[in-house]
Amino acid sequence: YEMQKGSQIQVSHEDIYKYIAILLLSGYCRVPHRDMYWEQRPDTHNALVVAAMKRGLFRELHRFLHFNDNSQMNNTDRVFKVRPVIQHLNESFKN
């Protein structure tokens, strides 16, 4: 999706793992806006998030990381955008 939009960011596998970890954390330790994890306020600041990734990189990944081609979207498949991830997890769990 990033390439379709004409942008290019350099990320590693580790960056993707950190991004997913922040998403998982955000489901457990909720704040009104994800950007608040990087604030300096004691009630929202999260040192683990700040140490793991810069806010700008998180925003870019959140904007451009897609798991399926939106131009091929199937409107009857409610989980189309994450279908490849679900299929991969199902195969891994079977093994």
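Residues numbered from 1 in each chain as written. Predicted model: local features only at pLDDT ≥ 70, side-chain atom pairs only at ≥ 80, totals over all residues. Heavy atoms only, no water.

Take Val-11: it is sitting in the segment before helix 1 (13-28). Taking the C-alpha atoms as reference points, Val-11 and Pro-32, 21 residues apart in sequence, are found 27 Å from one another. When near neighbours in sequence (up to four residues on either side) are disregarded, Val-11 contacts Ile-16, Leu-57 and Leu-61. (Helix = DSSP H or I, 4+ residues; strand = E, 2+ residues; numbered from the N terminus. Contact = heavy atoms within 4.5 Å.)

Looking now at the packing of helix 1 against helix 3 (residues 55-64). The N-to-C vectors of helix 1 and helix 3 enclose an angle of 90 degrees; their axes lie 11 Å apart at closest approach. What the angle tells us is that helix 1 and helix 3 run roughly perpendicular. Taking contact as the criterion, the partners of Asp-15, Ile-16, Tyr-19, Ile-22 and Leu-23 in helix 1 are, on helix 3, Leu-57, Phe-58, Leu-61 and His-62. (Axes fitted to C-alpha atoms, helices over the stretch in contact; angles between N-to-C directions. Parallel < 35°, antiparallel > 145°, perpendicular 65-115°, else oblique.)

The volume enclosed by the largest pocket comes to roughly 190 Å³. Where the lining of the largest pocket is concerned, the elements lending two or more residues are helix 1 and helix 4 (83-94). Partitioned by chemical class, the residues of the lining of the largest pocket number seven nonpolar, one polar and no charged. (1 Å grid on protein atoms, 1.4 Å probe; cavity = no way out; pocket = protein on both sides within 12 Å on 5 of 7 lines; lining within 4 Å. Points joined across faces, edges and corners; volume = space filled by probe spheres on them. Nonpolar A, V, L, I, M, F, W, Y, C, P; charged D, E, K, R; others polar.)

Now for the environment of Tyr-19. Relative to the helices and strands, Tyr-19 resides in helix 1. C-alpha separation for the pair Tyr-19 and Met-53, spaced 34 residues apart in sequence, amounts to 7.8 Å. Excluding residues that lie within four positions of it along the chain, Tyr-19 makes contacts with Met-53, Phe-58, Leu-61, His-62 and Leu-65.

Along helix 3, the residues that are buried comprise Phe-58, Leu-61 and Phe-64. Along the axis of helix 3, the buried residues cluster in a sector spanning 150 degrees; they form a single face. The secondary structure elements touched by the buried residues of helix 3 are helix 1. (Buried < 20%, exposed > 50% of the residue type's maximum accessible area, 1.4 Å probe, protein only. Arc of directions from axis to C-beta.)

Among the secondary structure elements, Asp-15 is positioned in helix 1. Of the side chains with opposite charge, Lys-18 lies nearest to the buried Asp-15, which makes no salt bridge, at 4.9 Å. (Lys, Arg positive; Asp, Glu negative; His and termini not counted. Salt bridge = Lys/Arg side-chain N within 4 Å of Asp/Glu carboxyl O.)

Glancing now at a nonpolar patch on the surface. The grouping of Phe-67, Val-79 and Val-82 at the surface amounts to a nonpolar patch, some 210 Å² of accessible area in total. As for its position among the elements, Val-79 is in the loop between helix 3 and helix 4. Using a relative accessible area of 32% as the deciding quantity, one classes Val-79 as partly exposed. (Patch = residues over 30% accessible without salt bridge, like charges linked within 9 Å, V, L, I, M, F, W, Y side chains within 5 Å. Areas by Shrake-Rupley, 256 points an atom, 1.4 Å probe, with all protein chains shown as cover.)

What follows concerns the side chain of Asp-77. By the secondary structure assignment, Asp-77 is in the loop between helix 3 and helix 4. The exposure class assigned to Asp-77 is buried, which follows from its relative accessible area of 18%. Polar contacts involving the side chain of Asp-77 include one to the main-chain amide nitrogen of Val-79, which spans 3.2 Å. A polar contact of 2.7 Å, which involves the side chain of Asp-77, links it to the side chain of Arg-83. (Polar contact = N/O pair within 3.5 Å; in protein donor to acceptor, adjacent residues only side chain to side chain.)

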